[in-house]
Amino acid sequence: MEQRWGLPLTAWPSRLRPNAWDLVALPLVLGALALVAWGGLAMGARYQVGDALPISLDPWRLPEYALRTVLRMAAALVAALVFSLAYAALAAKSRQAEKILIPVLDILQSVPILGFLSVTVTGFIALFPGSLLGVECAAIFAIFTSQAWNMTFSVYLSLRSVPAELIEAARMYRLSAWQRFWRLEVPHAVPSLVWNMMMSVSAGWFFVVASEAITVSGQTIMLPGIGSYIATAIAARDLAAIGYALLVMLIVILLYDQLLFRPLLAWSRKFRGDQSGDEDYTRPWFLIVVQRARVFDVVQFIGLAINRAIDAALRAIGRAVPVRRARSRAWPPFGRLFDIALLALAGAAIVWIALYVRASVALSEIGWVFVLGLITAARVMILIALASLVWVPIGVWIGLRPAVAARAQPIVQFLAAFPANLFFPVAVMLILNFRLNPEIWLSLLMILGTQWYILFNVIAGTTGLSRELQLAASSLGLRRLLWWRRLILPAIFPAYVTGAVTAAGGAWNASIVSEVVQWGDTTLRATGIGAYIAQHTAAGDAARIALGIGVLCLYVVAFNRLLWRRLYELAAERQRLD
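Calculation rules
- Residues numbered from 1 in each chain as written.
- Predicted model: local features only at pLDDT ≥ 70, side-chain atom pairs only at ≥ 80, totals over all residues.
- Heavy atoms only, no water.
- Helix = DSSP H or I, 4+ residues; strand = E, 2+ residues; numbered from the N terminus.
- Buried < 20%, exposed > 50% of the residue type's maximum accessible area, 1.4 Å probe, protein only.
- Contact = heavy atoms within 4.5 Å.
- Areas by Shrake-Rupley, 256 points an atom, 1.4 Å probe, with all protein chains shown as cover.
- Salt bridge = Lys/Arg side-chain N within 4 Å of Asp/Glu carboxyl O.
- Polar contact = N/O pair within 3.5 Å; in protein donor to acceptor, adjacent residues only side chain to side chain.
- Phe/Tyr/Trp six-rings, centres within 6.5 Å; stacked < 30°, edge-to-face > 60°.
- Expected span 1.5 Å × (residues − 1).
- Bend = angle between axes of the 7 residues up to and from the residue.
- Axes fitted to C-alpha atoms, helices over the stretch in contact; angles between N-to-C directions.
- Parallel < 35°, antiparallel > 145°, perpendicular 65-115°, else oblique.
- Nonpolar A, V, L, I, M, F, W, Y, C, P; charged D, E, K, R; others polar.
- pLDDT = per-residue confidence, 0-100.

Description of the overall build of the protein
Argument step 1. Secondary structure summary: the protein contains 23 helices and six strands in total.
Argument step 2. Taking all 578 residues of the protein together, the buried fraction comes to 47%.
Argument step 3. When contacts within the protein are restricted to residue pairs at least 6 apart in sequence, those whose partners lie at least 24 apart make up 79%.
Argument step 4. With an accessible surface of roughly 29,100 Å², the protein has 68% of that area assigned to carbon and sulfur atoms.

Written as structure tokens, this is what we have:
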């Protein structure tokens, strides 16, 4: 009897037997595993705080730096995916948890990446003494914070907007909570989640410079990576090195577009409610390899077996536990007591922060910081409005043309991944040469990296538009204005809200690096809370850093509760009605 891999062929199910496609898939899989192993060894190298980690501007070191950066971003993306599914599910399914988790998410989204680094880096280094792994974990966590919030908001809105008829069908088929989550709710969230994963990876490139240059005890640790390479090139004013870095970034973006996101987008099409027009869609080459190579079938087989085991265990637990929990939740005072306790806890935290800040900051300065926050808030809202006017029509035009969307995807990814600080030298030179007002022209740097959230989500919302609705609108002869009001805007509204709220949060975060711009010895400043935080972060003034970040978070939460939260609820209500 013929044998392969030490087992007789008859012992393997037919769909798990190796075939010719495995000759393409196996080198890719083994190469990915080898890169992960190499990256793990490099991350765990011996290191003591104070040792120098020199960054070379030799372009031949860029492939190594690119691999180190990609591995950090991949680890952060996996963590962000797990976090977004768990966090959004808990927030969407529990009203008590939602009252805590969504405001906390608003605050986390508004906290600058420098704030996360300053708080977490010491703890990570203490967890792994004598190893570079602590600094690497701090960098991965910083990249995670630039990815997770957008994905979590996307999943949360999708879980809140599952159509009522699908929920009723799940009840009729008596799906367990675990089955309903994986067979109904996650598939419903997949199309929007994939687009937001792409945007999150691009946002990670935006913050990779800050995440790979970590300051500890007055020393800046430059981890090997593209971000550190770019920071070193900017400090040295080496335009050629910046050009090499951009070329390598473009190659990396094209690679993960071909090997990850393009197959994911094609795969996510099967979760759309409308499948019309798919006959004209060409599957990406790597998706064909994944679907036909048996090595990926083995992975899927193992994953399904684990899922069935978990489902069986949950069913057994469900049979053992008496069904009496539904009656216990009917006690009305519980909700009020929970709200009172929550308000008391929030009030105590605010009082503690206020006392800490007030001990070293004058009351007049505190009032001025609130004014600075108002100035930055005006910038953010004006920029979001301008970005919406530009990118909503463009996103709709792209989304209605699948062939154009496929070609535009890597271009938009590269533009979104383009680090904004590479525009700083150009911005400084243009402002100085033409004697422009920094208060106005530095503001545009705030939206450079975050405007793509709007474009990505509008494209995703438009591609999910039902073909029947488009044909109905065409047959009814809807004029342009009516076509926008009755068809397009209601259809893309939930996706637009997800993009706009994340873009606004990103703009608040980006204010710290865009309101203070430096190129060599020249520094330009704009008035705002971002410049205030950046100034005192450089000085190491903990009380004023806490004041600036606290006021920034208060503004973000206020905008989210008064504006974006209401738009979220309106979007979810419209999707349920649809």
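Now that the structure has been shown, the text picks up again.
Regarding the pattern of salt bridges
Argument step 1. Under the criterion given, the structure shown has 13 salt bridges.
Argument step 2. Put simply, Glu 136 and Arg 68 hold a salt bridge, and the shortest N to O gap is 2.8 Å. Placement of Glu 136 in helix H5 (residues 133-160) and of Arg 68 in helix H2 (residues 62-93) is noted, with a sequence separation of 68 residues between them.
Argument step 3. Given the relative accessible area of 6%, Arg 68 is considered buried.
Argument step 4. Salt-bridge contacts for Arg 262 lead to Asp 257; the nearest nitrogen and oxygen are separated by 3.1 Å.
Argument step 5. Relative accessible area serves as the criterion here: at 1%, Asp 257 is assigned to the buried category.
Argument step 6. A network of salt bridges, in which partner residues are shared, links Arg 68, Arg 72, Glu 136 and Glu 212.

Focus on the side chain of Ser 443
Argument step 1. Relative to the helices and strands, Ser 443 resides in the loop between helix H17 (438-441) and helix H18 (444-447).
Argument step 2. For Ser 443, the contacting residues outside a window of four places in its chain are Arg 379, Leu 383 and Pro 438.

Quick notes on the side chain of Ser 200
Argument step 1. Looking at the secondary structure, you find Ser 200 in helix H7 (residues 177-212).
Argument step 2. Reaching out from Ser 200, the side chain makes a polar contact with the backbone oxygen of Gln 147 at a distance of 3.0 Å.
Argument step 3. Residues within four places of Ser 200 in sequence aside, it is in contact with Ser 146, Gln 147, Asn 150 and Met 151.

A closer look at the packing of aromatic side chains
Argument step 1. Going through the model one piece at a time under the given rule, you end up with 14 aromatic pairs.
Argument step 2. Ring geometry for Phe 83 and Phe 144: centres 5.5 Å apart, planes at 85°, overall edge-to-face. Remark: Phe 144 occurs in helix H5 and Phe 83 occurs in helix H2; sequence separation between them is 61 residues.
Argument step 3. Judged by relative accessible area, which is 10%, Phe 144 ranks as buried.
Argument step 4. Ring geometry for Trp 391 and Trp 452: centres 5.0 Å apart, planes at 50°, overall tilted. Of this pair, Trp 391 sits in helix H14 (residues 363-399) while Trp 452 sits in helix H19 (residues 451-463), placing them 61 residues apart in sequence.
Argument step 5. Exposure remark for Trp 391: the relative accessible area of 16% places this residue in the buried category.
Argument step 6. For Trp 452, a relative accessible area of 6% corresponds to the buried category.

Some words on helix H9 (residues 239-268)
Argument step 1. Taking 1.5 Å of rise per residue, the 30 residues of H9 would be expected to cover 44 Å, and the 40 Å separating its terminal C-alpha atoms lies within 8% of that figure.
Argument step 2. Of all the bends found along H9, the most pronounced is centred on Asp 257 and spans about 50°.
Argument step 3. Near the N-terminus of H9, the side chain that reaches the backbone nitrogen of Ala 240, with its oxygen 3.2 Å away, is that of Asp 238.

Quick word on the packing of H2 against helix H8 (residues 226-236)
Argument step 1. At a minimum axis separation of 7 Å, H2 and H8 run at an interaxial angle of 125°. With respect to H8, the axis of H2 lies oblique. Along the contact surface, H2 presents Leu 62, Tyr 65, Ala 66 and Thr 69, while H8 presents Ile 226, Gly 227 and Tyr 229.
Argument step 2. For the contact of H2 with H8, a count of residues per class yields five nonpolar, two polar and no charged.

What about the confidence of the model for the protein?
Argument step 1. For the protein, mean pLDDT is 78; residues scoring 70 or higher make up 84% of the total.
Argument step 2. Highest mean pLDDT in the protein belongs to H14 (92); lowest belongs to helix H12 (residues 325-328) (44).
Argument step 3. Taken as a whole, residues 1-7 scores under 50 in pLDDT and shows eleven contacts with residues more than four places along the chain or in a different chain.
Argument step 4. When the criterion is pLDDT under 50, residues 323-330 qualifies, and its contacts beyond four places in sequence or with other chains add up to zero contacts.

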